[in-house]
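Each chain, written out:
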2 protein chains.
Amino acid sequence: MNHFFEQWLPPLEAEMRTVLAGREPATAAHYGMIHYHMGWVDADFRPVTLSAGKRLRPLLCLMACQEVGGDPAQALPAAAALEILHNFSLVHDDIEDGDAQRRHRPTVWAIWGVPQAINAGDAMFALAFAALQRLSLHRVPSQTVLSALQLFTETCVALTEGQHLDISFERRDCVSVEEYMRMIQGKTAALIGASVAIGGLVGGAQPSVDASLRRFGQLIGLAFQIQDDILGVWGDPMVTGKAAGADILRRKKSLPLLHALNHPVHGDAFRALLARPELTADDLSEAMDLLARTASYEYATQRMHALYAAGLEALREALADRAESSLLWSTAQWLMQRQM
Amino acid sequence: MNHFFEQWLPPLEAEMRTVLAGREPATAAHYGMIHYHMGWVDADFRPVTLSAGKRLRPLLCLMACQEVGGDPAQALPAAAALEILHNFSLVHDDIEDGDAQRRHRPTVWAIWGVPQAINAGDAMFALAFAALQRLSLHRVPSQTVLSALQLFTETCVALTEGQHLDISFERRDCVSVEEYMRMIQGKTAALIGASVAIGGLVGGAQPSVDASLRRFGQLIGLAFQIQDDILGVWGDPMVTGKAAGADILRRKKSLPLLHALNHPVHGDAFRALLARPELTADDLSEAMDLLARTASYEYATQRMHALYAAGLEALREALADRAESSLLWSTAQWLMQRQM
């Protein structure tokens, strides 16, 4: 798996840099903001070397292409498109959530203001489509490019539906676990599912195989999000880089918190606690105590494991006896063990 | 021309309603905001009948398709995509400009807040691509659909470049007329050019003909924007629905104002005037006086006419002796005479 990462990360980065390259001096700052968000330059547009994000989505795309017998090089434009789309959504999410920091740096809107940040995100959205259309330059048949575009577009719509639900949950007292699952299906799982499915499509997978690959991606996407939620409450601050109990302090309606809020015995107490105007260290330890009494950690962990297991089952349907020795399998195993 | 409008507006609206239809009760409000912006429902999502916008871009697309010998019905998905894209850009522009009103109604962000409005705009952006991909359902060849998608994507990027310049101009003391022309090329002309070119493409135009059609669209797009600028200063408030001298009060860096700001004799006086903290009625009449002394009306009008004339010349290159009797010609003539 590490070998695959080392082999494909450099051409992936090169493909993204080609698509996101500036065009003329007049709009240099427009592309500069995009390069800043991608971690390639600082706020004065000078080149920097930062550790990039996980690049999870594009790597899943390239792996899926290889596992069904295709050449990952042919799928590079799709991989770039998926990562650019993911980053577009982060730029707009940061505005919508009012987050002034991401990966220990000020966010785009915090430096250049909301109007330019909305617009830079829009450019990344458009450039994600431009990236995907470059599949035609890699001798991918027109019909396959159109199928990939359709799946990609559906995923963009699903992302906005998930984000709509996430924003609307903030204003509500109570959200059910089912509503929460619907939200993360749009906000996280749809794109991870599409990443695997588009890789399979470019690699020439049969429709039924590709449908199973997509389900694999969606299921591990759901698990991945719940794992984020668990780390947001119980993660080690030394490892995650976030404050202890960060998501409690933000009153984020993540799965463990929703489980406690919906608890028949302790739900009211937990709701009253989160409604306090400013949360102190004492409030935080009281919250952790209520989460323990509602067994929210066990509940979320069990759901996460069930989803990973169902994902691996879908992968077995897709790849049959090659599943367990595949890169997708080991990537899912690796994700299950992550601590950040 | 009126006959063409009456014939094609209903199927165009139907196509847009199909693409923008809601999917499930959980996200009804997400699609409701989109329908509100399109003028189909009120803020409580109850159906209303409002006069729609000009629908200029989709009608130019359908006309171009017909003029090169195609069937406009085949181009309906492209026409819908162009109008949805235009409306996406309005939703985000309203946030970026802080405009709380559009067509005498509160804007999306003014009702549902900035986060949901950014996200509703993103959904429209994605759905514009979904609309365009429906060309495949109308028996348009895959290669033509991909060419249309490429032109459409380039146009989306150009829109964000124009918007980037427009936002950055606000913070600057001085902007040259050349910089302004570059800005409206991206913000207005690129999409009108693409509307005509995509219609021609679907209708089966030869590449050289389609290039001339695109240039026709871009040139009348530039003229159209300058005309907007003229109406924003000298338009009849009874007809435009805007205050007299609206763009002066907003200190908008439109062409007539830039001409005065860059004037060798009166530029400094005009700049000093626009820098006053609150503009009174006396300031407004002083500004109108300076605009008269710098002959800014004549300058802008002359540029507008030259661009319309160059546009008609490009149309002659595209359609030869059929140009003058074409719907595109009469639409350009009709646009030249508009008062709002």
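Residues numbered from 1 in each chain as written. Chains lettered and ligands numbered in written order. Predicted model: local features only at pLDDT ≥ 70, side-chain atom pairs only at ≥ 80, totals over all residues.

Q: Quick question: what am I supposed to make of the overall build of chain A here?
A: What chain A contains, in helices and strands, is 16 helices and 2 strands. In terms of overall dimensions, chain A has C-alpha extents of about 60 × 55 × 30 Å along its principal axes. Relative to its full complement of 340 residues, chain A shows a buried share of 49%. Put simply, 69% of the contacts in chain A that link residues at least 6 apart link residues at least 24 apart. (Helix = DSSP H or I, 4+ residues; strand = E, 2+ residues; numbered from the N terminus. Buried ≥ 20, exposed ≤ 12 C-beta atoms within 10 Å, placed from the backbone. Contact = placed C-beta atoms within 7 Å.)

Q: Just to check I follow, could you spell out unusual backbone geometry for this structure?
A: The general pattern is negative phi for most residues beyond glycine and trans for most peptide bonds. One non-glycine residue, A:Arg103, lies in positive phi territory at about 45°. Locating A:Arg103 in the fold gives a position in the loop between β1 (101–102) and β2 (105–106). Taking the C-beta count within 10 Å as the criterion, A:Arg103 has 13 such neighbours and is therefore assigned partly exposed. You will see that B:Arg139, though not glycine, has its phi angle at about 60°, which is positive. By secondary structure assignment, the location of B:Arg139 is in the loop between α6 (114–133) and α7 (142–170). By the C-beta count within 10 Å, which is 8 here, B:Arg139 ends up exposed.

Q: Just checking my understanding: could you explain the interface of chain A and chain B for this structure?
A: A common way to express how large an interface is: the accessible area buried when the components associate. Listed by partner, the interface residues are 36 residues for chain A and 36 residues for chain B. Counting residues per element, the ones that place at least two in the side of chain A that touches chain B are α2 (28–37), α4 (72–97), α6 (114–133) and α7 (142–170) of chain A. Ranked by the residues each element gives to the side of chain A that touches chain B, the list is headed by α7(A), at 15 residues. Its residues assigned to classes, the side of chain A that touches chain B shows 18 nonpolar, 14 polar and 4 charged. (Nonpolar A, V, L, I, M, F, W, Y, C, P; charged D, E, K, R; others polar.)

Q: Please explain the relation of the copies chain A and chain B as it appears in this structure.
A: What relates the two chain copies is a rotation about an axis together with a slide along it. Overlaying chain A with chain B gives an RMSD of 0.0 Å, the required rotation being 180° about an axis along which the chain moves by 0.0 Å. Read as a symmetry element, the transformation amounts to a two-fold axis. Ranked by how close their C-alpha atoms come to the rotation axis, the residues of chain A are headed by A:Ser142, at 3.1 Å. In this assembly, 97% of the residues forming the interface of chain A have copies in chain B that are likewise at the interface, indicating an isologous arrangement. (Least-squares fit on C-alpha atoms with pLDDT ≥ 70 in both.)

Q: What is the right way to look at the nonpolar core in this model?
A: Looking at soluble globular proteins, one finds that nonpolar side chains tend to be buried together. Core analysis: the biggest nonpolar cluster contains 202 residues, and A:Cys61, A:Ala78, A:Ile84, A:Ala128, B:Cys61, B:Ala78 and B:Ala128 have the highest contact counts within it. Those residues in contact with A:Ala128, other than ones at most four positions away along the chain, are A:Ala81, A:Ile84, A:Leu85 and A:Phe88. (Core = buried A, V, L, I, M, F, W, Y, C linked by C-beta atoms within 7 Å.)

Q: Can you walk me through the packing of α6(A) against α6(B) in this structure?
A: Two quantities define a packed helix pair, namely the angle between the axes and the distance from one axis to the other. Where α6(A) contacts α6(B), the axes come no closer than 12 Å and their chain directions differ by 20°. Considered as vectors, α6(A) and α6(B) are oriented roughly parallel to each other. Handedness of the crossing formed by α6(A) with α6(B): right-handed. Residues A:Ile118, A:Asp122, A:Phe125 and A:Phe129 of α6(A) form the contact with α6(B), whose own contacting residues are B:Ile118, B:Asp122, B:Phe125 and B:Phe129. (Axes fitted to C-alpha atoms, helices over the stretch in contact; angles between N-to-C directions. Parallel < 35°, antiparallel > 145°, perpendicular 65-115°, else oblique. Left-handed = near helix turned anticlockwise from the far one by under 90°.)

Q: Help me out: how do you make sense of the environment of A:Ala190 in this one?
A: Residue and element names in this part refer to chain A. Structurally, Ala190 is set in helix α8 (residues 177–203). For Ala190, a count of 24 C-beta atoms within 10 Å translates into the label buried. The spacing of Ala190 and Leu85 is 105 residues in sequence and 12 Å in space, taken between C-alpha atoms. Aside from chain neighbours lying at most four places away, what touches Ala190 is Thr155, Ala158, Leu159, Gln185 and Gln218.

Q: Looking at this structure, I do not really get helix α3 (residues 56–67) of chain A. What am I missing?
A: For an α-helix the count is 3.6 residues per turn, leaving residues at separations of three or four pointing the same way. Residue and element names in this part refer to chain A. For α3, spanning 12 residues, the distance from its first C-alpha to its last is 16 Å, which sits close to the expected 16 Å at 1.5 Å a residue. Of all the 12 residues making up α3, 10 are buried; the element is thus mostly covered by neighbouring parts of the structure. Along α3, the residues classified as buried are Arg57, Pro58, Leu59, Leu60, Cys61, Leu62, Met63, Ala64, Cys65 and Glu67. Buried positions along α3 lie against α1 (2–19), α4, α8, α9 (207–234), α15 (296–319) and α16 (327–336). Taken from the residues just after α3, Gly69 is the one with a positive phi, measuring 100°. (Expected span 1.5 Å × (residues − 1).)

Q: Mind showing me how you'd approach the environment of B:Glu317 here?
A: Residue and element names in this part refer to chain B. Relative to the helices and strands, Glu317 is located in helix α15 (residues 296–319). Given 15 C-beta atoms within a 10 Å radius, Glu317 is considered partly exposed. Along the sequence, Glu317 and Cys156 sit 161 residues apart, while their C-alpha atoms lie 27 Å from each other.

Q: Is there a simple way to think about the environment of A:Gln74 in this case?
A: All names here are of chain A. Residue position: Gln74 is located in helix α4. Under the C-beta neighbour-count criterion, Gln74 is labelled partly exposed, with 19 such atoms within 10 Å. Distance from Gln74 to Ala100, taken between C-alpha atoms, is 37 Å for residues 26 residues apart in sequence. Filtering out sequence-adjacent residues up to four positions away, Gln74 remains in contact with Cys65, His138, Val140 and Val202.

Q: Looking at this model, I keep getting lost on the confidence of the model for chain A. Mind explaining?
A: In low-pLDDT regions, the fine details of the predicted coordinates are not to be read closely. Here chain A shows a mean pLDDT of 95. Residues at 70 or above account for 100%. Scoring of the predicted complex yields 0.96 for pTM and 0.96 for ipTM. (pLDDT = per-residue confidence, 0-100.)

Q: How should the packing of α1(A) against α3(A) be read in this particular structure?
A: All names here are of chain A. Orientation of α1 relative to α3, taken along the N-to-C sense of each, is 110°, at an axis distance of 11 Å. The angle between α1 and α3 falls in the class roughly perpendicular. Judged by the sense of rotation from one axis to the other, the crossing of α1 with α3 is right-handed. In this structure, α1 contributes Phe4, Phe5, Trp8 and Leu12 to the contact, and α3 contributes Pro58, Leu59, Leu62 and Met63. The residue makeup of the contact of α1 with α3, split by class, is 8 nonpolar, no polar and no charged.

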